[in-house]
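Summary of structural features
Residues per chain, in single letters:
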Amino acid sequence: MLDRRTKLMEYQTYIDGQWVDAASGKTLQSSDPYTGEPWALIPECDKTDVDRAVEAASRAFDSGPWPQLTPTARGKVMRRIAELIEKHAQHLGEIEVRDNGKLISEMAAQTKYMPEWFYYYAGLADKIQGAVVSVDRQDHFNYILREPVGVCAFIIPWNSPLMLATWKLAPALAAGCTVVIKPSEFTSASLLEFIKLVIEPAELPPGVVNVVTGYGPVVGEPLVTHPKVAKVAFTGGSATGARVNELAAKSFKKVSLELGGKSPNIVFDDCILEDAVSGAVSGIFAATGQTCIAGSRLLLQETIHDQFVEKLIAMARTARLGDPALAETQVGPVTTPAQYQKILSYIDIAKGEGAHCALGGGPASEAEGGGKYFVKPTIFTGVDNKMRIAQEEVFGPVLSVIKFKDEADAIRIANDIAYGLGAGVWTQSVKRAHTMAKRIKAGTVWVNTYRAVSFLMPFGGYKSSGLGRENGMEAIDGYLQSKSVWINNGPGGGNPFVMKTAS
Ligand code: TXE
């Protein structure tokens with residue numbers, strides 16, 4: 001049971017295998033979203049700390065013991081990491097509940113599943129294979145090496161800090177990279193606990209994993225622009241993602257971006273109604289709607305619209321708001337005060353645009369199970385896909401319901417958006433399921449389920465939802481680069497002024 005009476009926790013950050021304060025000695029406060037009270041002090045790093053961390057990661061990559069480890073040995077280290085997560089799962093989950101306001105039930109599931117990423121990529125570490133290529137030149141032996149890209153910078157958001165760091169860290173370590181992680185200024189504690197309980201005891205060489213805590217522009221920008229960083233993996237909002245991409249482009253870094261979404265959850269009249277209602281609720285109210293894959297646009301076939309909305313409201317009404325540390329709580333607080341204000345302002349925007357507020361529509365009081373930073377589960381009907389409430393990411397428990405006529409209409413509405421992260425389809429028709437999966441422009445399509453993720457399945461966005469893929473086999477490619485090696489076993493010579501092509 002989470003103990004909220006503890007005194008202010010004081011954290012240090014982790015650079016080159018050492019626990020250190022920020023060079024400036026400054027700290028920032030991290031608040032418990034449920035109480036709104038500060039509970040932890042986090043080092044407020046700046047460029048000096050970033051430089052130290054990147055130098056450490058660069059040394060570890062070039063000359064430390066890490067590059068000397070065989071891929072099999074790297075895999076063993078990663079299996080140790082997985083076992084240590086298993087051992088400390090409950091504590092890590094509780095820290096995230098405290099720092100982020102995530103439900104303990106959700107964190108129990110996440111921390112139980114997180115080790116699988118390290119087991120999976122541990123298994124891939126010694127299966128990174130190049131190739132021998134028969135080129136069209138006699139006496140040549142050509143091969144392709146697959147090498148780690150180098151120092152990787154991870155920028156992590158506040159909504160699922162441990163899970164999203166895991167998605168990057170596991171493939172990067174398997175590839176043989178070293179990393180510098182910048183968690184969100186709102187939720188750094190769980191990552192620092194993860195380093196203390198998992199990374200340090202796993203005995204990775206110093207400098208392989210480093211953390212710099214602090215504010216986005218002050219820490220994130222020097223990290224993204226540092227000449228010794230080879231790759232940036234970012235998860236966060238689209239505006240910040242665009243800025244990070246622009247900065248990284250100046251020094252031609254490799255970049256992967258996992259950005260926002262406005263995912264359509266599409267319900268046809270041939271669905272199993274109860275499943276679809278539950279899927280709609282889980283799409284938007286789970287994690288208080290603070291997930292990039294939130295099914296925030298519910299597209300309902302007009303033939304079932306009224307019946308569906310009635311059932312949906314009935315289920316959403318029963319959602320238990322409250323202390324995220326209690327197992328029975330279903331909707332917790334919004335994580336940051338700024339996000340809370342943003343959600344409320346979008347509720348006003350929707351009302352101003354003429355959408356009908358069918359449920360919720362404002363802050364949830366203590367009497368309603370809420371308190372500071374709680375928003376009532378909110379459903380808007382009569383939404384037109386052109387409205388801002390349908391086009392822009394709210395990142396909160398606010399659902400827009402949009403009617404459609406038929407398959408073609410559903411596809412048109414689903415794709416009429418800048419984003420393309422996820423989509424849900426509810427139907428019993430196999431033909432329709434495959435047609436929709438093919439025609440929706442999104443990185444993930446769930447049919448008769450929603451918000452399912454796995455280390456085995458690639459995850460990422462079409463269009464403005466991002467670049468690159470996390471998870472699955474292809475994620476490791478983002479941390480590797482190819483080197484072509486040409487060995488001439490024959491005579492030299494030939495015209496030195498002409499490119500050597502065929503023999
Ligand atoms: O995220 P930011 P914010 C969406 C959601 C939310 C909006 C803004 O709609 O309302 O984004 O949230 C670091 N250079 N998502 O402001 O700014 C920052 O410190 C380098 C979607 O909290 O994207 C943090 O570590 N880094 C989303 C990380 O970027 C910078 C998850 C994310 O912060 C930086 C969260 C800079 N100039 C919000 N500025 C998802 N896709 O899951 C900030 N950062």
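Scroll up for the structure.
**A short note on the overall build of the protein chain**
- Regarding its fold elements, the protein chain presents 13 helices and 21 strands.
- In summary, the protein chain has a C-alpha radius of gyration of 24 Å against a globular reference of 23 Å for 503 residues, a match within 12%.
- By principal-axis analysis of the C-alpha atoms, the protein chain measures approximately 80 × 60 × 35 Å.
- A buried classification covers 56% of the 503 residues belonging to the protein chain.
- Counting contacts in the protein chain only where the partners sit at least 6 residues apart, residues at least 24 apart contribute 74% of the total.
- Entry remark: accessible area of the protein chain is about 20800 Å², with carbon and sulfur atoms responsible for 54%.
- The distance from the centre of the 51 positive side-chain charges to the centre of the 53 negative ones in the protein chain is 4 Å.

**Some remarks on the site of the ligand**
- Taken together, 27 residues lie near the ligand, and W158, E185, G237, Q339 and K342 sit nearest.
- Residue T240 places a side-chain N or O atom 2.8 Å away from an oxygen atom belonging to the ligand.
- Within the contact set of the ligand, an oxygen atom lies 2.6 Å away from a side-chain nitrogen or oxygen of K342.
- Protein contacts shield 87% of the accessible area of the ligand, which totals 810 Å² for the unbound molecule.
- Among the elements of the structure, α6 (216-225), β11 (229-235), α7 (238-249) and α10 (337-353) are those that each provide at least two residues to the shell around the ligand.
- Ranked by the residues each element gives to the shell around the ligand, the list is headed by α6, at four residues.
- Of the residues contributing to the shell around the ligand, the split by class is eleven nonpolar, ten polar and six charged.

**Let's talk about the environment of L257**
- Position of L257 relative to the elements: it lies in strand β12 (residues 254-258).
- For the pair formed by L257 and R52, sequence separation is 205 residues and the distance between their alpha carbons is 25 Å.
- If near-sequence neighbours (up to four positions away) are discounted, L257 is found in contact with F234, G241, V244, N245, S465, G466 and L467.

**Some points on a nonpolar patch on the surface**
- Taken together, the side chains of V132, F141 and I487 make up a nonpolar region of the molecular surface, amounting to roughly 260 Å² of accessible area.
- With respect to the helices and strands, the residue V132 is situated in strand β6 (residues 131-133).
- The exposure class of V132 is exposed, given its relative accessible area of 58%.

About the thresholds
- Residues numbered from 1 in each chain as written.
- Predicted model: local features only at pLDDT ≥ 70, side-chain atom pairs only at ≥ 80, totals over all residues.
- Heavy atoms only, no water.
- Helix = DSSP H or I, 4+ residues; strand = E, 2+ residues; numbered from the N terminus.
- Rg over C-alpha atoms; globule rule 2.2 N^0.38 Å.
- Buried < 20%, exposed > 50% of the residue type's maximum accessible area, 1.4 Å probe, protein only.
- Contact = heavy atoms within 4.5 Å.
- Areas by Shrake-Rupley, 256 points an atom, 1.4 Å probe, with all protein chains shown as cover.
- Lys, Arg positive; Asp, Glu negative; His and termini not counted.
- Charge placed at Lys NZ, Arg CZ, Asp CG, Glu CD.
- Near = heavy atom within 4 Å.
- Polar contact = N/O pair within 3.5 Å; in protein donor to acceptor, adjacent residues only side chain to side chain.
- Nonpolar A, V, L, I, M, F, W, Y, C, P; charged D, E, K, R; others polar.
- Patch = residues over 30% accessible without salt bridge, like charges linked within 9 Å, V, L, I, M, F, W, Y side chains within 5 Å.
- Salt bridge = Lys/Arg side-chain N within 4 Å of Asp/Glu carboxyl O.

Just distances and angles here, no functional claims.
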